[in-house]
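The chain contents come next:
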Amino acid sequence: MTGRHTTQTAPQNPRAFRLPDIPEKHPDDRTSFKHLAEGGNQGRLDSHLGNPETTIVSGARYICAVPGGPIRYPDLLVAFDADPELYEANNGYVVSFQGKPPELALEIASRHTARIDVEVKPDFYASLGVREYWRFDETGEFHGARLSGDRLVDGQYHPIVVEELPDGELRGYSEALGLYFCWRQGRLDWYDAGAEDYIPSLESERQLRQQAEERVRQLEAELRQRG
């Protein structure tokens, strides 16, 4: 979605400026909800990156260079060294107010938005200085590739290498996040090479907590037997 906000001059108080809400999504756009909201995928990434005082992990809000400039909304946006409270006050990301562009934008493919994701949004995000632009397509039907990413170099996007593993998984390294974007049997995921594992999910954290609690119970039982 694109548009131009009617405010043509920046307010003296940036926190007084507010971008409009995005329009109601087309039914075909449910893919973004499926891959980001369902199962807490966006929350997983937010929790992994940490630093909530200066990190924005959000989506489905407008981004623009300046008040009154062209606006679009990514399915997911990540910005470091940013002001989350200002983001909330503006109801979106205003580059001139934040003092820097976001590190990353991600679009999830749908029949309704695929052409814009591939043909239009790269130029828009590049014009804002967004460091990386990623696209995820569950089937590859709409974007023409199941996983693809571009990195900004001298004002232009250049493709990021995406490798296919023996099991069919696709991975591309995001320098911005320090993680691999993954296409895993049609699901979006992130792999942490340092930890040699995928970033924790709510379910994996619950299992680890249960295992730790079980170890504590076993240790207490052993101590009682010895006593």
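To start, this report covers the structure provided alongside it. This one's a predicted model, so the numbers in the text were calculated from it and none came from an experiment. (Residues numbered from 1 in each chain as written. Predicted model: local features only at pLDDT ≥ 70, side-chain atom pairs only at ≥ 80, totals over all residues. Heavy atoms only, no water.)

1. Quick look at the sheet that holds strand E14 (residues 187-192)
Spelled out, the test is: DSSP-based pairing: two strands are paired if at least 2 bridges between them are found. Under the scheme used here, helices are H or I runs from DSSP no shorter than 4 residues and strands are E runs no shorter than 2 residues, and both carry numbers assigned from the N terminus. Contact definition: two residues touch when any of their heavy atoms are within 4.5 Å. To get an axis, a line is fitted to the C-alpha atoms, and for a helix only the part in contact is used. The angle between two axes follows their N-to-C directions and goes from 0 to 180 degrees.
The five strands lie next to each other as E11-E12-E13-E14-E15, forming an open sheet whose pairing is antiparallel. Lying at the two open borders of the sheet, with one neighbouring strand each, are strand E11 (162-164) and strand E15 (197-198). In the sheet, strand E13 (residues 179-184) pairs with E14 via five bridges, with the strands oriented antiparallel. From the neighbouring strand, Arg-184 faces E14, where its bridge partner is Arg-187. In the packing of helix H2 (residues 41-49) onto the sheet, the strands contacted are E13, E14 and E15, and the crossing angle to E14 comes to about 15°.

2. Examining unusual backbone geometry
With a phi angle near 55°, Ala-60 is a residue other than glycine that sits in the positive phi range. Look at Asn-91: it is not a glycine, yet its phi comes out positive at around 60°. Its location among the elements puts Asn-91 in the loop between helix H3 (84-90) and strand E6 (92-94).

3. A look at the pattern of salt bridges
Keep this limit in mind: Each salt bridge in this description consists of a side-chain nitrogen of Lys or Arg and a carboxyl oxygen of Asp or Glu lying within 4 Å of one another. Here the term buried applies to any residue with accessible area under 20% of the maximum for its type, exposed to any over 50%, and partly exposed to those in between, with areas from a 1.4 Å probe on protein chains only.
Under the defined criterion, the tally for this structure stands at 15 salt bridges. The closest approach of N and O atoms between Glu-107 and Lys-121, which form a salt bridge, is 2.8 Å. Taken together, the residues Glu-107 in strand E7 (residues 104-108) and Lys-121 in helix H5 (residues 114-128) connect sequence positions 14 residues apart. Both residues of the pair, Glu-107 and Lys-121, count as buried. One salt bridge connects Asp-150 with Arg-135, and the closest N-O pair in it is separated by 2.8 Å. Of this pair, Asp-150 sits in strand E9 (residues 147-153) while Arg-135 sits in strand E8 (residues 132-136), placing them 15 residues apart in sequence. Here the two residues Asp-150 and Arg-135 agree in accessibility, since each one is buried. One continuous salt-bridge network, built from bridges that share partners, spans Arg-44, Glu-169, Arg-171, Arg-184 and Asp-189.

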